[in-house]
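# Per-entry structural report
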Amino acid sequence: MADDSGRFRGASVQSPSGRRRRSVAGQVFVLQVAVVFLLVAGAVLALVVQSRHDSDREARNRAVAVAQTFAHSPGVIAALRSPDPSAVLQPLTEAGRMAAGVDFIVVTDTQGIRYTHPRPELIGLPVVANIEPALAGHMLVESVNGPLGREVQAVVPVTAPDGTVEGVVIAGLRVKNVTGVVDRQLPIILATGAAALALATGGTALVTRRLRRQTRGLGPAEMTRMYEHHHSVLHAVREGVLIVGADTRLVLANDEARRLLDLPPDAEGRRIADLPGLEPGTAALLISGRVVSDEVHPAGDRLLAVNQRPTDRHGGPRGTVATLRDTTELMTLSGRAEVAGRRLKLLYDAGVAIGTTLNMVRTAEELADVAVPRFADFVTVDLAAPVLDGGEPTGSGANMRRSAVAGIRDDHPLYPLGTLIDFVPSTPQARGLDSGRSEIVADLATADDWHAQDRERAGAIVEYGIHSLITVPVQARGSVLGVANFWRREKPEPFDREDLFLAEELVARAAVSIDNARRYAREHTLATALQRSLLPRALPAQSALEVAHRYLPAQSGVSGDWFDVIPLSGARVALVVGDVVGHGLHAAATMGRLRTAVHNFSTLDLPPDELLSHLDDLVGRIDQDEADPDVGAGIIGATCLYAIYDPVSRRCAMARAGHPLPALVHPDGIVEFPDLPAGPPLGLGGMPFETIEMEVAEGSSLVLYTDGLIEDRTRDLDVGMGLLRQALAHPGRTPEQSCAAVLDALLPEHPKDDIALLVARTRTLDGARVAEWEVPSDPAAVAGMREVVSAKLEEWGLGDQLFGTELILSELITNAIRYGSEPIRVRLLRDRSLICEVADGSSTAPHLRYAATMDEGGRGLFLVAQIAARWGTRYIPEGKIIWAEQPLPDPTEAHAAPAPADTDPADTDPTDTDPADFGTAPANERTS
């Protein structure tokens, strides 16, 4: 209807006589202009009258004040009595006139002759004023026409102290200066009037525009024509309109309402309850006056959407207006749209709920849970058994594991969860696995190919009420991983093609997640296997420490944490814990490389700080080698803690490279974290590492761990350290018990990082199993040492080791005397093996060599290497120690193998060791 009125916008509005009538807005504007003019004229008149009155009064007051002030000024009488009054008074009057803002100050004698005047040529002439009252001692204010024009002046006598009048002072202003204020204020009044007129003009324009906008620019004739158009449109629209009065009588019904409700021709004016053929529900709604929106009511074979509103909301008469719309076809379409909306909602929910974890079984369960009961009554998912292990699918219906089952009831006869199924080739599942295409089985009761799988179970399924099936292969990236089955029981109609498309979309979303989980499982299995193979499977036998350990990989994948226990020479043991940043195969492989490097460096018997320095150089070289992105990712970061415990001295030396502090648990349960300098992480270079040594009481526990134990997103590092301290502060626990207690207290519910934990309780090698002697730097002392050592071995019950031990010590002591320096010491340790150590003050390194046939010497170290199970050299601040270990006989064996009968240790020439057995390295260098 608004569009119809648009044709009349801008049309002229004229009276029937043809003359243009002034609009209401125009009339208001003329009235406003008249009011503004009247206000301006009145303001000007009032201003003139008031200004004249105020100005005259002000002028009189100013003239009186100036005249009286000057007349009573000191020195005026003396000037009048002087021989030349004008010479004295003329400057004074001019200065006073300028200061007071008047036009003239004139001083005369009692005869009226001027002594002063602004115009000097008038001095000496009679004044134009009535001075008689002044001569009588009275003041006079008058308006006269003087030499300067029309003037207002005050005449004041100059009276001597005795009361005589000595002269007259006249002060005044010109009339034009008094009335000039009107000229100054009149423009303001006129400007204000103009502004008011402009405001009235703007307001009239705004009102005119608003009226034209509200009436669409139409006059009375056009409004009448518009009413006729509205009436025509009211009866032409395809929507019924009913207006019901407050007395429930039908006021108006358009043609569409009559058609939809089948109203009689005389319906208007009758009560709603009296109209024939009107449905009771519709009649009750029209009578009630309720406000409704799209309320559906039947009308014969139609469905009508009714909207009803009151008519008195904007001041109209009481009643209601109702609109009727035929929605029979729309309801059919809306039903289909509702189904489509539910399916879209199902797909959206599936996208959110499926694939939340990298677990194939959980993803299959999520698929089943989403589809039941919104799409199917029962859902089963079968995955190939190799797929569940992270392998590749076989592509056949054999070895399918039922991985997920969901339904509206639990007493169904379908294969239970975990069943291993071999689908018969004739079944739709096997065909789908082979071809990768989905199938619908509309009627399971008549599907003989499906019954061939298990006729007894198939009969039970049909008898249970399940009548229709959709089977969809679970396939991703060209591989068929399994099959999903959707079963219908409650709805009587079978699945259709639209259901098939929806099922395929649901399975496609789950298939990608299942394949990702399969690939993750395969990589996780490989990485875990690699890591397990690189970690120590069993701790080596040693007597210095009682060790317990735990290793827990992160749920998100294996990482680069590792630990190790490495026996060293002299019954010492090294403890190692390290961490490589990252997860996956690269981190596990890097961990293996670093663990191997630590093993190799530990064979050199290096102090902890030197070992970490070598390891830092190695990590730097690895990063340089793998800097090319086509080669590898490099080592993002690694930390390590290396500790060496000596059971003889009960000293522990340790250093760390960016690793968390170790914990030391004393025998009384007190826990402390040694102040061990952190050092930079491995691979940064440039900063040295620092070793600290401390004495550890027997029965104390050294606790080494990785940051995954104490760090977590839900707690601060300090909180984790506090929990660790509390878990360890219990004396008398075994290392195994300490490991369990620490994990119970600190293990997160879902570990995001690997956890490596090593608890080592210290033992000591008491003096009964240690023997030590000082050896003079004299070759003759070798024989004496053989006797002392033989006596000690007999005391230990190791007489069977006498031959080899004497031979080893003879060679090592002789070499120390010849090529070393004092002090020379010999130490025997009886541990799991018999350890012989010879220390001297030299740092030259011995080298094993093969002597030629004609060489007279050079076979000493070769003999030591043949007799000892292991031998080597380690450096100490005072020099070096050459050590050799001999395995002790098994207590179950009676005797060890006898020594050769034709060989006597005493016959061994101590001079048969060639100087070539020792290198020529300077004494202040350590070589390996």
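Bear in mind the structure is a predicted one, so any value in this text is a computation, not a measurement. (Residues numbered from 1 in each chain as written. Predicted model: local features only at pLDDT ≥ 70, side-chain atom pairs only at ≥ 80, totals over all residues. Heavy atoms only, no water.)

### With respect to the confidence of the model for the protein
Put simply, the rule reads: Confidence scores labelled pLDDT are given residue by residue by the predictor and lie between 0 and 100. Note on definitions: a residue-residue contact is assigned when non-hydrogen atoms from the two residues lie within 4.5 Å.
Per-residue pLDDT for the protein averages 81, and the proportion of residues at 70 or more is 84%. Within the model, pLDDT remains below 50 along residues 1–20, and this stretch shows 32 contacts once partners closer than five positions in the same chain are excluded. The low-confidence segment residues 892–928 (pLDDT under 50) makes 68 contacts with residues lying over four places distant or belonging to another chain.

### Here's the deal with the pattern of salt bridges
In plain terms, the rule: For salt bridges, the criterion is a side-chain nitrogen of Lys or Arg within 4 Å of an Asp or Glu carboxyl oxygen. Segments assigned H or I by DSSP are reported as helices when at least four residues long, segments assigned E as strands when at least two residues long, and all are numbered from the N terminus. Relative accessibility thresholds used throughout: buried, under 20% of the residue-type maximum; exposed, over 50%; partly exposed, between the two (1.4 Å probe, protein chains only).
By the definition in use, this model includes 37 salt bridges. Between R362 and E365 there is a salt bridge, with the nearest N and O atoms lying 3.2 Å from each other. Residue R362 and its partner E365 are located together in helix α12 (residues 360–371), separated by three residues, close to a single helical turn. Ionic pairing is found between R362 and E366, a salt bridge with its closest N-O pair at 3.6 Å. In this pair, R362 and E366 are both assigned in helix α12, four residues apart and thus about one turn of the helix distant. The exposure class assigned to R362 is partly exposed, which follows from its relative accessible area of 35%.

### Considering the sheet that holds strand β24 (residues 701–705)
As a reminder of what qualifies: Strands are treated as partners if at least two bridges between them are detected by DSSP. Helix axes are fitted to C-alpha atoms over the stretch in contact, other axes to C-alpha atoms as well, and angles between N-to-C directions run from 0 to 180 degrees.
Overall, antiparallel pairing links the five strands, which are arranged β16-β25-β24-β21-β22 in an open sheet. Every other strand in the sheet has two partners, leaving β16 (545–552) and β22 (671–672) as the edge strands with one partner each. When strand β21 (residues 663–665) meets β24, the two strands line up antiparallel, connected through three bridges. The residue of β24 that forms the bridge with A663 is V703. Strands β16 and β25 (755–762) of the sheet are contacted by helix α21 (residues 735–746), whose axis makes an angle of about 30 degrees with β16.

### Side note on the packing of aromatic side chains
So the rule is basically this: Centres within 6.5 Å are what make two rings of Phe, Tyr or Trp a pair, Trp counting through its six-membered ring; a difference in plane orientation under 30 degrees is then read as stacked, over 60 as edge-to-face, and the rest as tilted. Lysine and arginine charges are scored as sitting over a ring when NZ or CZ, respectively, is within 6 Å of the ring centre and within 35 degrees of the ring normal.
Within the structure shown, the criterion is met by four aromatic pairs. Here the aromatic rings of F375 and F486 are separated by 5.5 Å at their centres, their planes lie at 80 degrees, and the arrangement is edge-to-face. One end of the pair, F375, is in the loop between α12 and β10 (378–384); the other, F486, is in strand β15 (residues 479–488), with 111 residues separating them in the sequence. Linked through ring pairs, F375, F486 and F495 together constitute an aromatic cluster. Across the ring face of F495, the terminal group of R488 is positioned such that the distance to the ring centre comes to 4.2 Å.

### Here's the deal with the side chain of Q886
What counts is decided by this rule: Polar contact is defined as a pair of N or O atoms within 3.5 Å, subject to the rule that within protein one atom must be able to donate a hydrogen and the other to accept it, and that residues adjacent in sequence are counted only when both atoms are side-chain atoms.
Turning to its location among the elements, Q886 is positioned in strand β30 (residues 879–887). A relative accessible area of 4% places Q886 in the buried class. Polar side-chain contacts of Q886 include one of 2.9 Å to the side chain of T805. If we ignore the near neighbours within four places in the chain, the residues touching Q886 are Q801, G804, T805, I808, S833, L834, C836, I867 and A869.

### Considerations on the sheet that holds strand β11 (residues 400–407)
Sheets are built from strands that pair by backbone hydrogen bonding, the pairs being arranged parallel or antiparallel. Taking strand neighbours across the sheet as the criterion, the six strands line up as β12-β11-β10-β15-β14-β13 in an open arrangement whose pairing is antiparallel. Both outer strands of the open sheet, β12 (420–421) and β13 (439–441), are each paired with one neighbouring strand and no more. Bridge analysis of β10 against β15 gives six bridges, and the strand direction is antiparallel. Bridge pairing in β15 links L383 to G482.

### Looking at a nonpolar patch on the surface
This is how it is decided: Here the term patch refers to residues with relative accessible area over 30% and no salt bridge, with like charges joined within 9 Å and nonpolar side chains (Val, Leu, Ile, Met, Phe, Trp, Tyr) within 5 Å. Each accessible area is a Shrake-Rupley result for a 1.4 Å probe, and residues are judged covered by the shown protein chains and nothing else.
There is a patch of nonpolar side chains on the surface, built from L31, V35 and L39 and spanning about 300 Å² of accessible area. Tracing the sequence through the fold places V35 in helix α2 (residues 24–71). Its relative accessible area of 40% is what places V35 among the partly exposed residues.

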